[in-house]
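Geometric and topological summary
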Amino acid sequence: MTSTNLKITLDRAADAAAPYEQLRAQIAEQARSGGLPTGFKLPTVRGLAEELGLAANTVAKAYRALETDGVIETRGRHGTFVAAAGDASRREAAGAAQAYAERAQRLGLTFDEAVTAALDALRARYGQ
């Protein structure tokens, strides 16, 4: 199913990621790439759910994850909008990287072992 407003395409194959994760990832990518500019008003949860043929809870879960990540922001009754998320995402990633570096050092990993573990995790997550 495809959303015309957001250019969201969901893969319904059995081995595909969960629909909420596909939705979250595509909105996040479009926001980061500028395809969805800062301030772009997103459809309501129900509206997007209907458009994509999903349960409203699925879309709500994706929106909550995006809001937690700083990609979108809800402005009460005014709606949900794309936030200026690039900087927030980078700050959060830098914080996570710092926490990982500290933990790897406490575990006694060498620099090369820590880098290898991080790269392996990134390759697995990004399918590289």
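Within every chain, residues take consecutive numbers counted from 1 along the sequence as written. Local features in this predicted model are restricted to residues of pLDDT 70 or higher, and side-chain atom pairs are both shown and tallied only at a pLDDT of 80 or more, whereas totals for entire chains, interfaces and linings draw on every residue. Values reported for side chains reflect all heavy atoms of the structure, with hydrogen atoms and water molecules removed beforehand.

1. Observations concerning the overall build of the protein chain
Counting secondary structure elements, the protein chain contains five helices and five strands. Put simply, DSSP H or I for four residues or longer makes a helix, DSSP E for two residues or longer makes a strand, and each gets a number counted from the N terminus. Helices (α) and strands (β) of the protein chain occur, in sequence order from the N terminus, as β-β-α-β-α-α-β-β-α-α. Dimensions of the protein chain, computed from C-alpha atoms along their principal axes, come out at roughly 50 × 35 × 25 Å. Relative accessible area decides the class of each residue, using a 1.4 Å probe on protein chains only: under 20% of the type maximum gives buried, over 50% gives exposed, and in between gives partly exposed. Here the protein chain, with 128 residues, has 27% of them falling under the buried criterion. Residue contacts follow a heavy-atom distance rule, with two residues in contact if any of their heavy atoms lie within 4.5 Å. Residue pairs at least 24 apart in sequence account for 50% of intrachain contacts in the protein chain once pairs closer than 6 positions are excluded. Summed over all atoms, the accessible surface of the protein chain reaches about 8500 Å², with 53% contributed by carbon and sulfur. For the purpose of counting charges, residues Lys and Arg are taken to be positive, whereas Asp and Glu are taken to be negative. His and the chain ends are not included. Note on charges: their place is set at NZ of Lys, CZ of Arg, CG of Asp or CD of Glu. Across the protein chain, 16 positive and 15 negative side-chain charges occur, with their mean positions spaced 6 Å apart. Throughout, the Shrake-Rupley method with a 1.4 Å probe supplies accessible areas, and for residues the shown protein chains are the sole cover considered.

2. Here we look at the pattern of salt bridges
We define a salt bridge as a contact between a side-chain nitrogen of Lys or Arg and a carboxyl oxygen of Asp or Glu at a distance within 4 Å. For the coordinates displayed, the defined rule picks out three salt bridges. Ionic pairing is found between Arg-24 and Glu-21, a salt bridge with its closest N-O pair at 2.6 Å. Here Arg-24 and its partner Glu-21 are both found in helix α1 (residues 19–33), three residues apart, which amounts to about one turn of the helix. Take Arg-24: its relative accessible area is 17%, and that puts it in the buried class.

3. What about the environment of Asp-11?
As for its position among the elements, Asp-11 is in the loop between β2 (8–9) and α1. Exposure remark for Asp-11: the relative accessible area of 44% places this residue in the partly exposed category. Taking the C-alpha atoms as reference, Asp-11 lies 28 Å from Ala-118; in sequence the two are 107 residues apart. Within the structure, the side chain of Asp-11 is placed 2.9 Å from the backbone nitrogen of Ala-13, a separation counted as a polar contact. By the criterion applied in these results, polar contacts are pairs of N or O atoms within 3.5 Å in which, for protein atoms, one can donate a hydrogen and the other can accept it, and in which residues neighboring in sequence qualify only through two side-chain atoms.

4. A closer look at the sheet that holds strand β4 (residues 72–74)
In this analysis, strands are considered paired if DSSP registers two or more bridges between them. Spatial strand order, β3-β5-β4: three strands in an open sheet with antiparallel pairing. The two strands at the open ends of the sheet, each matched to only one other strand, are β3 (41–42) and β4. The pairing of β3 with strand β5 (residues 80–82) spans two bridges and is antiparallel. Looking at the pairing, Leu-42 lines up with Thr-80 of β5. Lying over the sheet, helix α3 (residues 56–68) contacts β3, β4 and β5, oriented at roughly 105° with respect to β4. Each axis is a line fitted through C-alpha atoms, taken for helices only over the stretch in contact, and angles between the N-to-C directions span 0 to 180 degrees.

5. As for the packing of α1 against α3
One can describe the packing of α1 onto α3 by two numbers: an axis separation of 8 Å at closest approach and a directional angle of 45°. It follows that α1 is oblique to α3 by the angle criterion. Taken as a pair, α1 and α3 cross one another with a handedness that is right-handed. From α1, Pro-19, Tyr-20, Leu-23, Arg-24, Ile-27 and Ala-28 reach across to α3, where they touch Thr-58, Val-59, Lys-61, Ala-62, Tyr-63, Ala-65 and Leu-66. We call Asp, Glu, Lys and Arg charged. Ala, Val, Leu, Ile, Met, Phe, Trp, Tyr, Cys and Pro are nonpolar, and the rest, Gly among them, are polar. Taken together, the residues of the contact of α1 with α3 sort by class into ten nonpolar, one polar and two charged. An angle below 35 degrees is read as roughly parallel, one above 145 as roughly antiparallel, one from 65 to 115 as roughly perpendicular, and any other as oblique. With the far helix as reference, a near helix turned anticlockwise by less than a right angle produces a left-handed crossing, and one turned clockwise produces a right-handed crossing.

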